[in-house]
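Read off the chains here:
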Amino acid sequence: MTGVTFFETLRRHWRAMLYWGLGVGLMALLQVVIVPDADALRQMTAAYEAFPPEFLAAFGITDLEYAATAEGYLASQFFSIALVIFAVYAVIAGLNVTANDEDAGITNTLLSLPLARWQWMLEKTLAYAVMISVAVLLTFAGLWVGIVMTPSVEVDFGKILVTTLNIIPPALAILLFTVLMGAIFRRKSLVTTLAAVFVVASYFIDTLGRAASTTFAADLRALSIFRYYDGPGVMQYGPDAANIALLVTAVVLMLIVSLWTFQRRDLA
Amino acid sequence: MTVSELVIQTNNLTKVYKTGRKQKLALENLNLSVYRGEIFGYLGPNGAGKTTTIRMLLDLIRPTSGSAKVLGMDTQASAVDIHKQIGFLPGELALWNNERAINIIRYFGRVRGKVDMAYVRQLADRLQFDTSMRVRDYSTGNKRKLGLILALMNRPQLLILDEPTSGLDPLMQQVFNELMLEVKREGRTVFLSSHLLSEVQAICDRVAILRTGQLKAVETVEDLTHVDFRWVSIRTRNLQGLVSRLGSVPGVTEVAQKNSHIELRLNGDFDPLMRALNDQYVVDLRVKEPTLEEIFLTFYDNNPAVKRHHAEVEHVEKEQVS
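Residues numbered from 1 in each chain as written. Chains lettered and ligands numbered in written order. Predicted model: local features only at pLDDT ≥ 70, side-chain atom pairs only at ≥ 80, totals over all residues.

A. Structural view of the overall build of chain A. When you go through chain A residue by residue, the secondary structure sums to 15 helices and zero strands. In terms of overall dimensions, chain A is globule-like: its C-alpha atoms have a radius of gyration of 20 Å, near the 18 Å expected for 268 residues. In terms of principal-axis extent, the alpha carbons of chain A reach across some 65 × 45 × 30 Å. Taken over 268 residues, chain A has a buried fraction of 47%. Relative to all contacts within chain A whose residues are 6 or more apart in sequence, the contacts with residues 24 or more apart total 78%. (Helix = DSSP H or I, 4+ residues; strand = E, 2+ residues; numbered from the N terminus. Rg over C-alpha atoms; globule rule 2.2 N^0.38 Å. Buried ≥ 20, exposed ≤ 12 C-beta atoms within 10 Å, placed from the backbone. Contact = placed C-beta atoms within 7 Å.)

This is the structure:
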């Protein structure tokens, strides 16, 4: 492995990574800055009591006492949707690995170079994995700046860091799902549709499963990537090693299948 | 030529494209040999299977059956090793539109390794190409120049070029021809596909003609233009009865009287025709080599060349009369 394509991918796409990271980081910063004071939080959670628990559960609020804290507020208002935002970036990144170049006809020229298909795909995938990780860390930087700017907000930096890092495995899984679709199918439109359906369906299955926790919908959550992310839960109870292990395993398996499939099939 | 000098060798190479229930035979049992140091033209109309062949040689697509070797190596088993020694220009060059040409050249250079950037600058100078612009700002011809630089930059043993001069102006086509002849002089090989017969005629040693996925012929350009057939124009003092007599001469077809002379198509030797004219006072005899395009069309079994030729003759005669 030469690393040439890895560094070339970083060179060509670091700006996009920076914009995503800073954008989400800024959003995170604003979320921290606007955290209501303790009284306001208590009033807000008191208002929550008027809502059906199923409705609140759909948005990751299961513990009203915890929701009345700054950490609980950030968990429900930021970390519950953080993966949705990074999922969009991960899908775009996944399309950039093979689908966009193949759709544009660029792979015909690139893969006439002394570069094995699997190597080209692996180096690009690793580069995007690094960029997603950096963008997530930039988000943590935004949270950190926000917390420093508002001393009244009492949160545990360690928990914030762990919960932010917890975005990386599911974001990589979404990246690899898109890469896998790009490896199997030649049509970019089909790859984009499948990746979008995967993310949107996952989100709705998870939301529905949380709201209807006593029905079959709760069992369906096992099919949703958001079930294994569970940002609000990680913020409150810490990371779930089983979820992370499952996501990492899925990432590795999807990478292997992607490399194998792309190496074997005809290019468009 | 020995087998060791074979640069491209295909063995019953076949490709069938499958889309749903539909199947399309793109290439059928192609057996082709290209030797070191030659410029080999691969001719055929759109959809004949030229690009399919090239994509299989580059291992971008896999054959349905058969096999191919490039530089003595199997195209599937040794694709990366083959790619180290080749340069490729696709028919429709696509690159990242927002990227500057120089960055793409540097990237390709790093992937290839050991690229002489002085040679790259020399190529850019000869092709009058500015490497500092973004791809989206180049004209079609300039994109073609960039493709040529990318293909030539590592001085490859084998150049595979798909419609290389489309979009190049005549001056640049001349530069391209010079570059190809330099490659040949250095003992390297060029495999170029084209539907521009003049391009092939100018620089190629041998030509393969492909139609609907089938190889119709492989000939030297010289053989194609000299051996196949000729147009003969004969003017004698007395043309009476000559048309019917010449029509029965072996190798003579399409005999027609045009005012003061007779036009005919001659396949094979001249001797039978000369003997048939033995008792005639021949005022003028002209022989016109068929163009490669006429030969090309003849291979395709439809013969507009004949009609066109006669139309040209009539046009010339009208001009002479007026």
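So that's the structure; there's more coming.
B. Broad picture of helix 15 (residues 241-264) of chain A. All names here are of chain A. For helix 15, with 24 residues, the first-to-last C-alpha span of 35 Å sits near the 34 Å given by 1.5 Å per residue. The set of residues buried in helix 15 consists of Leu-247, Val-251, Met-254, Leu-255, Ser-258, Leu-259 and Phe-262. Each element contacted by the buried residues of helix 15 is listed here: helix 8 (117-149), helix 10 (168-184) and helix 13 (225-229). (Expected span 1.5 Å × (residues − 1).)

C. Main features of the pairing of strand 7 (residues 158-162) of chain B. Residue and element names in this part refer to chain B. The buried fraction of strand 7 is high, at five of five residues. Across four bridges, strand 6 (residues 86-89) lies against strand 7 in parallel orientation. Within the sheet, the bridge partner assigned to Ile-86 lies in strand 7 and is Leu-158. What joins strand 7 to strand 8 (residues 189-194) is helix 6 (residues 170-185), and the crossover it makes is right-handed. (Pairing = 2+ DSSP bridges. Right-handed = clockwise from strand over helix to strand, strands pointing away.)

D. Up close: the confidence of the model for chain B. For chain B, mean pLDDT is 87; residues scoring 70 or higher make up 88% of the total. At the level of chain-chain contacts, confidence expressed as ipTM amounts to 0.85, with global pTM at 0.82. (pLDDT = per-residue confidence, 0-100.)

E. Local environment of the packing of helix 8 of chain A against helix 9 (residues 157-165) of chain A. Residues and elements named next belong to chain A. Between helix 8 and helix 9, the shortest axis-to-axis distance is 9 Å and the interhelical angle comes to 155 degrees. Judged by the inter-axis angle, helix 8 sits roughly antiparallel to helix 9. By crossing handedness, the relation of helix 8 to helix 9 is classed as right-handed. Of helix 9, the residues touching helix 8 (which contributes Val-136, Thr-139, Phe-140 and Leu-143) are Ile-160, Leu-161 and Thr-164. When the residues that make up the contact of helix 8 with helix 9 are grouped by side-chain class, the tally is five nonpolar, two polar and no charged. (Axes fitted to C-alpha atoms, helices over the stretch in contact; angles between N-to-C directions. Parallel < 35°, antiparallel > 145°, perpendicular 65-115°, else oblique. Left-handed = near helix turned anticlockwise from the far one by under 90°. Nonpolar A, V, L, I, M, F, W, Y, C, P; charged D, E, K, R; others polar.)

F. Structural detail: the sheet that holds strand 6 of chain B. Residue and element names in this part refer to chain B. Here we have six strands laid out as an open sheet, ordered 6-7-8-3-9-10, and mixed in their pairing. Unpaired on one side and paired on the other, strand 6 and strand 10 (214-220) mark the two borders of the sheet. Strand-to-strand twist across the sheet, computed as the mean angle between neighbouring axes with direction ignored, equals 15 degrees. Here helix 6 sits on the sheet in contact with strand 3 (39-43), strand 7 and strand 8, set at roughly 145 degrees to strand 8.

G. View of helix 6 of chain B. Residue and element names in this part refer to chain B. Between its terminal C-alpha atoms helix 6 stretches 22 Å, which fits the 22 Å expected from 16 residues at 1.5 Å a residue. Taken as a whole, helix 6 has its buried residues at Met-172, Phe-176, Met-180 and Val-183. All buried residues of helix 6 project into a common sector of 85 degrees when viewed along the axis, lining one side. Within helix 6, the exposed residues directed more than 90 degrees away from the buried face are Pro-170, Leu-171, Glu-178, Glu-182 and Arg-185. Along its buried surface, helix 6 packs onto strand 3, helix 5 (140-152), strand 7, strand 8 and helix 7 (197-203). (Arc of directions from axis to C-beta.)

H. Fine view of the environment of B:Thr131. All names here are of chain B. Mapped onto the secondary structure, Thr-131 falls in the loop between helix 4 (117-126) and helix 5. For the pair Thr-131 and Glu-219, spaced 88 residues apart in sequence, the C-alpha separation works out to 39 Å. Leave out the neighbours within four places in its chain, and Thr-131 touches Ala-101, Ile-102, Ile-105 and Ala-124.

I. Examining the sheet that holds strand 2 (residues 22-35) of chain B more closely. Residue and element names in this part refer to chain B. A sheet is described by the order of its strands in space; here four strands give the open sequence 2-1-4-5, paired in antiparallel fashion. Sheet topology places strand 2 and strand 5 (73-74) at the edges, where each strand pairs with a single neighbour. Relative to strand 2, strand 1 (residues 6-19) runs antiparallel, the two being bridged by 10 bridges. Following the sheet pairing, Ile-8 is matched in strand 2 by Val-34.

J. Region of the structure containing the nonpolar core. Of all hydrophobic cores here, the largest spans 140 residues; its most connected members are A:Ile132, A:Ala171, A:Leu175 and B:Ile149. Broken down by element, the residue count for this core peaks at 16 residues, all from helix 5 (residues 70-97) of chain A. Other than its neighbours up to four places away in sequence, A:Leu175 contacts A:Ala90, A:Ala93, A:Gly94, A:Tyr128, A:Ala129 and A:Ile132. (Core = buried A, V, L, I, M, F, W, Y, C linked by C-beta atoms within 7 Å.)

K. Broad picture of the interface of chain A and chain B. Contacts between chain A and chain B engage 15 residues on the former and 19 residues on the latter. For the side of chain A that touches chain B, the elements supplying multiple residues, two or more each, are helix 1 (4-33) and helix 7 (106-110) of chain A. It is helix 7 of chain A that contributes the most residues to the side of chain A that touches chain B, three residues altogether. When its residues are assigned to classes, the side of chain A that touches chain B shows nine nonpolar, four polar and two charged.

L. Summary view of the packing of helix 10 of chain A against helix 11 (residues 188-211) of chain A. Residues and elements named next belong to chain A. Their axes nearest at 9 Å, the elements helix 10 and helix 11 cross at an angle of 150 degrees. When the axes of helix 10 and helix 11 are compared, the pair comes out roughly antiparallel. In terms of crossing hand, the pair formed by helix 10 and helix 11 is right-handed. In this structure, helix 10 uses Ile-174, Phe-177, Thr-178, Met-181 and Gly-182 to contact helix 11, whose residues at the interface are Val-191, Leu-194, Ala-195, Phe-198 and Val-199.

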